[in-house]
Amino acid sequence: MIRRPPRSTLDRSSAASDVYKRQLYIFAAPIRLDIDWDSKKLVHMIENIKDNLNVDENRIYLSGLSMGGRGTFIVAADKPILFAAIMPLRPHHGPYSNLSLAKKVKHLPIWMSHGNKDKISSYEIAKKMADTLTYMGANIKFRTEKNVGHWGWDSIFKDSIAMSWLLSWKKK
């Protein structure tokens, strides 16, 4: 699907919003069918999109929600030069810890968000991942969603500042 930013974000007045207004982007939403994320399948999907549409290879971003947030770390760690930036949202903590992936993704710009009342994905583990990445010198923005549980990630995709931040990155 080729999309323009949601209308609600287009009405905001800011320099970041002005950049966001001009973006035309492709949004692809794969679904995990196996026990965990397989980066080869995601790369195959990206290659298929690139074969059929004009894609700026320096501006490919990865985002995921919950188990997809976990998958964002897994795929970015396995394919560290494919993405310009990543946005894991409410990354799930199981079946094993993602902390070991921090060193493989620390070079990427990262925007993380997690509700501090999440009973499905551990806020504490997500915060520990953010703290670990910060300690390693990563360019990370971690946003705590106060009094928010697992759901609520749609507010990030409607936030022109968050989306402008993501879309501003290009591979070096």
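Above this text sits the structure in question.
Everything numeric here is computed off the predicted structure, so don't read it as measured data. (Residues numbered from 1 in each chain as written. Predicted model: local features only at pLDDT ≥ 70, side-chain atom pairs only at ≥ 80, totals over all residues. Heavy atoms only, no water.)

Trainee: Hey, could you run me through the overall build of the protein in this one?
Mentor: Secondary structure summary: the protein contains 8 helices and 6 strands in total. The secondary structure elements of the protein, listed N-terminal to C-terminal, are β-α-α-β-α-β-α-β-α-β-α-β-α-α. Looking at the protein as a whole, 43% of its 172 residues qualify as buried. Nonlocal contacts in the protein, meaning residues at least 24 apart in sequence, comprise 68% of its contacts between residues at least 6 apart. (Helix = DSSP H or I, 4+ residues; strand = E, 2+ residues; numbered from the N terminus. Buried < 20%, exposed > 50% of the residue type's maximum accessible area, 1.4 Å probe, protein only. Contact = heavy atoms within 4.5 Å.)

Trainee: Got a minute to help me understand the sheet that holds strand β5 (residues 110-115) in this structure?
Mentor: Strand pairing within a sheet occurs via backbone hydrogen bonds; the two strands may be parallel or antiparallel. Strand order in the open sheet formed by 4 strands is β3-β4-β5-β6, and the pairing between neighbours is parallel. With one partner strand each, in any of the chains shown, β3 (61-65) and β6 (140-145) form the two edges of the open sheet. Strand-to-strand, the axes of this sheet are offset by a mean angle of 10°, without reference to chain direction. Examined bridge by bridge, β5 and β6 share 6 bridges and lie parallel to one another. Bridging across to β6, W111 finds its partner in K141. Packed on one face of the sheet, helix α4 (residues 67-78) meets β3, β4 (85-89) and β5 and runs near 145° to β3. (Pairing = 2+ DSSP bridges. Axes fitted to C-alpha atoms, helices over the stretch in contact; angles between N-to-C directions.)

Trainee: Hey, could you run me through the layout of surface pockets in this one?
Mentor: Reported here for the second largest pocket is a volume of approximately 190 Å³. Taken together, P80, I81, F83, A84, H107, L108, P109, N139, W169, K170, K171 and K172 form the lining of the second largest pocket. Of the residues in the lining of the second largest pocket, the class split is 7 nonpolar, 2 polar and 3 charged. (1 Å grid on protein atoms, 1.4 Å probe; cavity = no way out; pocket = protein on both sides within 12 Å on 5 of 7 lines; lining within 4 Å. Points joined across faces, edges and corners; volume = space filled by probe spheres on them. Nonpolar A, V, L, I, M, F, W, Y, C, P; charged D, E, K, R; others polar.)

Trainee: What's the story with the nonpolar core in this structure? I'm lost.
Mentor: It is characteristic of soluble globular proteins that their nonpolar side chains tend to be buried jointly. Within the largest apolar cluster, 25 residues are counted, with the highest numbers of intra-cluster contacts made by F73, F83, I86, V105, I110, M112 and L133. For this core, the elements supplying multiple residues, two or more each, are α3 (39-52), α4, α5 (102-105), β5 and α6 (123-135). Here the element with the most residues in this core is α4; it accounts for 5 residues. Once you skip the residues sitting within four places of it in the chain, I110 turns out to touch I86, P88, V105, L133, N139, I140, K141 and W165. (Core = buried A, V, L, I, M, F, W, Y, C linked by side-chain atoms within 4.5 Å.)

Trainee: Where do I start with the pattern of salt bridges in this structure?
Mentor: Any two side chains of opposite charge can pair, on the condition that their charged atoms come close. The full count for this structure, using the stated rule, is 6 salt bridges. K50 is the salt-bridge partner of E47, the closest N and O atoms lying 3.1 Å from each other. With E47 and K50 both in helix α3 and 3 residues apart, this pair spans about one turn of that helix. R143 is paired through a salt bridge with E145; the nearest N and O atoms lie 2.8 Å apart. Exposure remark for R143: the relative accessible area of 25% places this residue in the partly exposed category. Residue classification places E145 among the buried residues on the basis of a relative accessible area of 13%. Ionic contacts of the salt-bridge type, sharing partners, join the residues E47, K50 and E57 into one network. (Salt bridge = Lys/Arg side-chain N within 4 Å of Asp/Glu carboxyl O.)

Trainee: Where do I start with the packing of aromatic side chains in this structure?
Mentor: The geometry of an aromatic ring pair is captured by two quantities: the separation of the ring centres and the angle between the planes. Applying the stated criterion to the full structure yields 3 aromatic pairs. Seen from their ring centres, W165 and W169 are 5.7 Å apart, and the 65° between their planes marks the pair as edge-to-face. Judged by relative accessible area, W165 falls into the buried class, the value being 11%. By the ring-pair criterion, three or more aromatic residues cluster together here, those being W111, W165 and W169. The ring of Y96 carries R70 above its face, with NZ or CZ at 4.3 Å from the centroid. (Phe/Tyr/Trp six-rings, centres within 6.5 Å; stacked < 30°, edge-to-face > 60°. Lys NZ or Arg CZ within 6 Å of the ring centre and 35° of its normal.)

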